[in-house]
Amino acid sequence: MKEYEVLKNARILYVEDEEDVLKFTSMVLEDYTGELYIAKNGEEALEILAHQKIDLLITDILMPKMSGIELIKEMRQRYGRSISTIITTAHAETHYLLEAIDLGVDGYVLKPIDVEDLLRVMEKALLPKMQAHELASKNLLINAISVFVGGKKIEIIKYLLDNCDQDNVFHGSYEDIIAALNVSKPTVVKTFKQLMDTGLLTRIKNKIYRLHPDISGSRALVEVEEEEEEA
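Residues numbered from 1 in each chain as written. Predicted model: local features only at pLDDT ≥ 70, side-chain atom pairs only at ≥ 80, totals over all residues. Heavy atoms only, no water.

K.L.:
Quick question: what am I supposed to make of the overall build of the protein chain here?
P.N.:
What the protein chain contains, in helices and strands, is 9 helices and 8 strands. Evaluated residue by residue, the protein chain yields a buried proportion of 43% over its 231 residues. When contacts within the protein chain are restricted to residue pairs at least 6 apart in sequence, long-range pairs at least 24 apart make up 64% of them. (Helix = DSSP H or I, 4+ residues; strand = E, 2+ residues; numbered from the N terminus. Buried < 20%, exposed > 50% of the residue type's maximum accessible area, 1.4 Å probe, protein only. Contact = heavy atoms within 4.5 Å.)

Set out below in structure tokens:
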């Protein structure tokens, strides 16, 4: 397992009012995280939260305009507990930890910040939710593929997998599939409808579809399905 692998696709919001600390820590986090947003106070952080999907909030406690505790309270009221939370605190501020614990924070890091410590706490905070998301995605794929027992439908799914671009977008047409696989148009239409009903396919616009972002996981399931039918 690669070190801090769980962080590479995470969207992080880091809130810190001390310019030097913000600059140094941000430079490090950029190397490990998928997307990093920064704010210098709670008000800026709430503005970012209103427009960006965030997986993890890292916030200082004592800040101008709105403290980290106030920020977390407001965030909980607006978004519930969907966003993991870590607080950074100086030794003199540790009495705030009891209030932070009551708010259900996922971890804390003492200042001055040790980068390795911060990364470990981040990974620990994110791992349960990332694992739950991965499990839900796999269950979606398994349940969806189970609908498509039957050689022609499996062939159509495999064709989509083999002919989508790097963004999982399929630009072909029903006619392309009919010509390539020698299947009837009603079978193609029905398969597309079932794929959309199960969440594996989304129509972007006419004749352009996007496959589920975890569609690569279904490729193996398609191959297993084909082997079982041949057996």
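K.L.:
What should I look at first to understand the packing of helix α7 (residues 174-181) against helix α8 (residues 185-197) in this one?
P.N.:
For any two helices packed against each other, one specifies the crossing angle of their axes together with the interaxial distance. Axis separation between α7 and α8 bottoms out at 10 Å; the angle between their running directions is 120°. Taken together, α7 and α8 sit at an angle that is classed as oblique. For the crossing formed where α7 meets α8, the hand is right-handed. Contacts from Tyr174, Glu175, Ile177 and Ile178 of α7 reach α8 at Lys185, Val188, Val189 and Phe192. (Axes fitted to C-alpha atoms, helices over the stretch in contact; angles between N-to-C directions. Parallel < 35°, antiparallel > 145°, perpendicular 65-115°, else oblique. Left-handed = near helix turned anticlockwise from the far one by under 90°.)

K.L.:
For this particular structure, what's the right way to read the nonpolar core?
P.N.:
Counting residues in hydrophobic clusters, the biggest one holds 23 residues, and the most contacted among them are Leu13, Val15, Leu49, Leu57, Leu71 and Ile87. Contributing elements (two or more residues each) for this core: β1 (11-15), β2 (35-39), α2 (42-51), α3 (68-79) and α4 (97-102). Every residue in contact with Val15, bar those within four places of it in the chain, is listed here: Ala39, Lys40, Asn41, Gly42, Ala45, Leu57, Ile58, Thr59, Asp60, Met63 and Leu71. Counting 20 residues, the second-largest nonpolar core is a separate cluster that includes Leu7, Ile12, Ile58 and Met122. (Core = buried A, V, L, I, M, F, W, Y, C linked by side-chain atoms within 4.5 Å.)

K.L.:
Just checking my understanding: could you explain the confidence of the model for the protein chain for this structure?
P.N.:
Caution is warranted with low-pLDDT regions, since their predicted coordinates should not be read in detail. Of the residues in the protein chain, 80% reach a pLDDT of 70 or more, and the chain-wide mean stands at 81. For the stretch residues 216-231, pLDDT sits under 50, and the model shows 22 contacts to residues farther than four places along the chain or on other chains. (pLDDT = per-residue confidence, 0-100.)

K.L.:
Please clarify how α3 should be interpreted in this entry.
P.N.:
Side chains three or four residues apart in an α-helix point the same way, a direct result of the helix having 3.6 residues per turn. If you check α3, its first and last C-alpha atoms are 16 Å apart, about what 12 residues at 1.5 Å a residue would give, namely 16 Å. All buried positions along α3 are accounted for by Gly68, Ile69, Leu71, Ile72, Met75 and Arg76. End-on, the buried residues of α3 take up no more than an arc of 155°, which puts them together on one face. Lining the buried residues of α3 we find β1, α2, β3 (56-60), β4 (84-89) and α4. Downstream of α3 by one or two residues, Gly80 has phi in the positive range, about 65°. (Expected span 1.5 Å × (residues − 1). Arc of directions from axis to C-beta.)

K.L.:
Would you take a moment to explain the pairing of strand β8 (residues 208-211) for this structure?
P.N.:
Looking along a regular strand, one sees side chains alternate from face to face of the sheet. In the sheet, strand β6 (residues 169-170) pairs with β8 via 2 bridges, with the strands oriented antiparallel. Bridging from a neighbouring strand, Phe170 pairs with Tyr209 of β8. Here strand β7 (residues 201-205) folds back onto β8, and the loop between the two strands holds 2 residues, one of which, Lys207, carries a positive phi near 70°. (Pairing = 2+ DSSP bridges.)

K.L.:
I'm lost on the pattern of salt bridges in this one. Help?
P.N.:
Between side chains of opposite charge, a pair can form as their charged atoms come close. All chains considered together, the criterion is met by 9 salt bridges. Between Lys111 and Asp60 there is a salt bridge; the shortest N-O distance is 3.2 Å. With Lys111 in the loop between β5 (107-110) and α5 (115-146) and Asp60 in strand β3, this pair connects stretches of sequence that are 51 residues apart. For Lys158, the salt bridge identified is with Asp162, shortest N-O distance 3.2 Å. Residue Lys158 and its partner Asp162 are located together in helix α6 (residues 151-162), separated by 4 residues, close to a single helical turn. (Salt bridge = Lys/Arg side-chain N within 4 Å of Asp/Glu carboxyl O.)

K.L.:
What is the right way to read the packing of aromatic side chains from this model?
P.N.:
Any aromatic ring pair is given by two values, namely how distant the centres are and how the planes are angled relative to each other. Throughout the structure, instances matching the rule amount to 4 aromatic pairs. When the ring of Phe192 is compared with that of Tyr209, the centres are 5.0 Å apart and the planes differ by 80°; the resulting orientation is edge-to-face. Linking Phe192 in helix α8 with Tyr209 in strand β8, this pair joins segments that are 17 residues apart in sequence. As far as burial versus exposure is concerned, Phe192 and Tyr209 are alike and both buried. Connected via pairs of aromatic rings, a cluster forms that spans Tyr174, Phe192 and Tyr209. (Phe/Tyr/Trp six-rings, centres within 6.5 Å; stacked < 30°, edge-to-face > 60°.)

K.L.:
Please clarify how the pairing of β2 should be interpreted in this entry.
P.N.:
For β1 and β2, the ladder comprises 5 bridges, and the chain directions are parallel. Each residue of the ladder has a partner; that of Leu13, found in β2, is Tyr37.

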